[in-house]
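Structure at a glance
Below are the chains, spelled out letter by letter.
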Amino acid sequence: MLTIEGLVHAYADERVLEGIDFTLEPGRIGCLLGPSGCGKTTVLRCVAGFERPAAGRITAAGRQLSGPGLHLAPEHRHIGMVFQDYALMPHLDVAGNVAFGLGRGSRAGRDRHAPRVAELLALVGLPGLERRFPHELSGGQQQRVALARALAPEPALLLLDEPFSNLDASLRERLAIEVRDILKALGTTALVVTHDHQDAFAVADDVGVLNAGRLLQWDTAYNVYHRPANRFVAGFVGQGVWLPGVVRSPGTVETAIATATGRMTQPLPTGTEVELLLRPDDVIHDDGSALKARVVNRRFRGPQFLYDLVMPNGQRLLSAVPSHHNHAIGEMIGIRIETEHMVVFPRTEAIGGVGPAHAIVIE
């Protein structure tokens, strides 16, 4: 449905995209994930036609949109877009805003397309709100109206720019799941941009991680988390602690606190000095374990605590523990290490000079 080849873009003399390549298959939801300023929104704007690339090709639904000597205007691309601020028309009610997506913002046009508007509002969970104005809606309701408007003309591809950034934390994940369900029900191909890996994992099938204008990995959400292509990707998509270690055999890494076993992200020779990423779900609470750590901080997250732990040798760890295990700060608790997927990189790819008592903690 969408193919991007060698996409390059620059503002003045500053290149912001450096040869982006990826393909999004029909019916799948892709997400571009990365820190502010990495170029992810620029990719979206190039696909939408708001920016003219300096080089590369963009093809959607078998039709070339941008390339050498070619740049289709946004209105000729048959692409829908949900903007970060939703961009609803304040003088139009909900029905008028959705009808505007059909090019029918007038009252006569709106009445003629009332059945389609009602169908879309039911789809996004807003039946009966046709006469409300944007200022009378919550942030989540405004987002759904913007989504209905973008879906109204049945676009070949839907683009969503930071669609959940204006929502409070309690609403973000729920809305992300609802948006995913809506897009999947319609079979709509979509490309989302976000800086939040939790949003990306909630909504996307495929995730691309960008940094400094380069696409570091384009893969399934599962692989980006468990089999990251490099250290930046590994650190950006989740919390964890990097531990120095040594490969003792295929699938075995010895560290100062424990020996970890599992499937390694890359085969490395015995004796290789590595950095091993321990995520909070790799550090299991176990009262019967001889391995002990002291609780130095804790964050309550409803179904679980995220504990900051310190080992007797000074090594810090993070552990996600079911919330019925309510341990006080200063308490010693038993833990064990379970690393079915071992994220490891040679020490030469890591930050140098990091000893076991000073491992890098990714918050």
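The shown structure was predicted, so the numbers you read here are calculated from the model rather than taken from an experiment.

**Let's talk about the overall build of the chain**
- Helix and strand content of the chain: nine helices and 23 strands.
- In terms of principal-axis extent, the alpha carbons of the chain reach across some 75 × 50 × 35 Å.
- Going through the 363 residues of the chain one by one, you find that 49% of them count as buried.
- Considering only contacts within the chain whose residues lie at least 6 apart along the sequence, 66% involve residues at least 24 apart.
- Put simply, the chain has 35 plus and 39 minus side-chain charges, and the middle of one group is 3 Å from the middle of the other.

**Some details on the nonpolar core**
- Ranked by size, the top nonpolar core spans 47 residues in total, and within it L147, L158, L160 and V207 carry the most contacts.
- Discounting residues that sit within four places of it in the chain, L158 has contacts with G80, M81, V82, L147, A150, L151, L183, T188, T189, A190 and L191.
- Counting residues in hydrophobic clusters, the runner-up holds 28 residues, among them L268, L309, L318 and V344.

**Concerning the sheet that holds strand β9 (residues 190-194)**
- Pairing within the open sheet is mixed, and its six strands lie in the order β7-β8-β9-β3-β10-β11. If you trace the sheet from one side to the other, it starts and ends with β7 (79-82) and β11 (214-220), each paired once. Neighbour-to-neighbour, the strand axes of this sheet turn through a mean angle of 15°, independent of strand direction.
- Against the sheet, helix α5 (residues 139-151) makes contact with β7 and β8 (157-161), and its axis sits at roughly 170° relative to β7, the strand it touches most.

**With respect to the packing of aromatic side chains**
- Tallied over the entire structure, the rule returns seven aromatic pairs.
- Between F50 and F83, the aromatic rings sit 6.2 Å apart at their centres with planes inclined by 25°, giving stacked as the arrangement. Of the two residues, F50 is situated in the loop between α1 (40-48) and β4 (55-60) and F83 in the loop between β7 and α2 (94-100); the sequence distance between them amounts to 33 residues.
- Exposure remark for F83: the relative accessible area of 29% places this residue in the partly exposed category.
- When the ring of F300 is compared with that of F305, the centres are 5.2 Å apart and the planes differ by 55°; the resulting orientation is tilted.
- Joined through ring pairs, the aromatic side chains of F300, F305 and Y307 make up one cluster.
- In this arrangement the basic side chain of R231 is found over the ring face of W242, its NZ or CZ atom lying 4.1 Å from the centre.
- Sitting over the face of the ring of Y225, R279 holds its NZ or CZ atom 4.1 Å from the ring centroid.

**Some thoughts on the pairing of strand β21 (residues 332-337)**
- Pairing analysis gives three bridges linking strand β17 (residues 283-285) to β21, with the strands arranged antiparallel. Opposite H285, over in β21, you have I335 as the bridge partner.

**Side note on the pattern of salt bridges**
- As enumerated under the stated definition, the model contains 16 salt bridges in all.
- Close ionic contact of R174 with E178 constitutes a salt bridge, the shortest N to O distance being 3.3 Å. Placement of the pair is R174 and E178 together in helix α6 (residues 169-186), with a separation of four residues, close to one helical turn.
- For R174, a relative accessible area of 44% corresponds to the partly exposed category.
- Judged by relative accessible area, E178 falls into the partly exposed class, the value being 26%.
- Residues R336 and D286 are paired through a salt bridge, measuring 3.2 Å at the closest nitrogen-oxygen approach. A residue pair is termed long-range when its members are at least 10 positions apart, and R336 in strand β21 and D286 in the loop between β17 and β18 (292-300) qualify at 50 residues.
- Residue classification places R336 among the partly exposed positions, given a relative accessible area of 32%.
- Through salt bridges that share partners, R144, R174 and E178 make up one connected network.

**Observations concerning helix α4 (residues 114-123)**
- Inspection of α4 places V117, L120 and L121 among the buried residues, and these make up the whole buried set. All buried residues of α4 lie within an arc of 100° about the axis, which places them on one face of the element.
- The elements touched by buried residues of α4 are α2 and α5.
- Among the residues trailing α4, G125 stands out with phi positive, at a value near 80°.

Rules used in this analysis
Residues numbered from 1 in each chain as written. Predicted model: local features only at pLDDT ≥ 70, side-chain atom pairs only at ≥ 80, totals over all residues. Heavy atoms only, no water. Helix = DSSP H or I, 4+ residues; strand = E, 2+ residues; numbered from the N terminus. Buried < 20%, exposed > 50% of the residue type's maximum accessible area, 1.4 Å probe, protein only. Contact = heavy atoms within 4.5 Å. Lys, Arg positive; Asp, Glu negative; His and termini not counted. Charge placed at Lys NZ, Arg CZ, Asp CG, Glu CD. Core = buried A, V, L, I, M, F, W, Y, C linked by side-chain atoms within 4.5 Å. Pairing = 2+ DSSP bridges. Axes fitted to C-alpha atoms, helices over the stretch in contact; angles between N-to-C directions. Phe/Tyr/Trp six-rings, centres within 6.5 Å; stacked < 30°, edge-to-face > 60°. Lys NZ or Arg CZ within 6 Å of the ring centre and 35° of its normal. Salt bridge = Lys/Arg side-chain N within 4 Å of Asp/Glu carboxyl O. Arc of directions from axis to C-beta.

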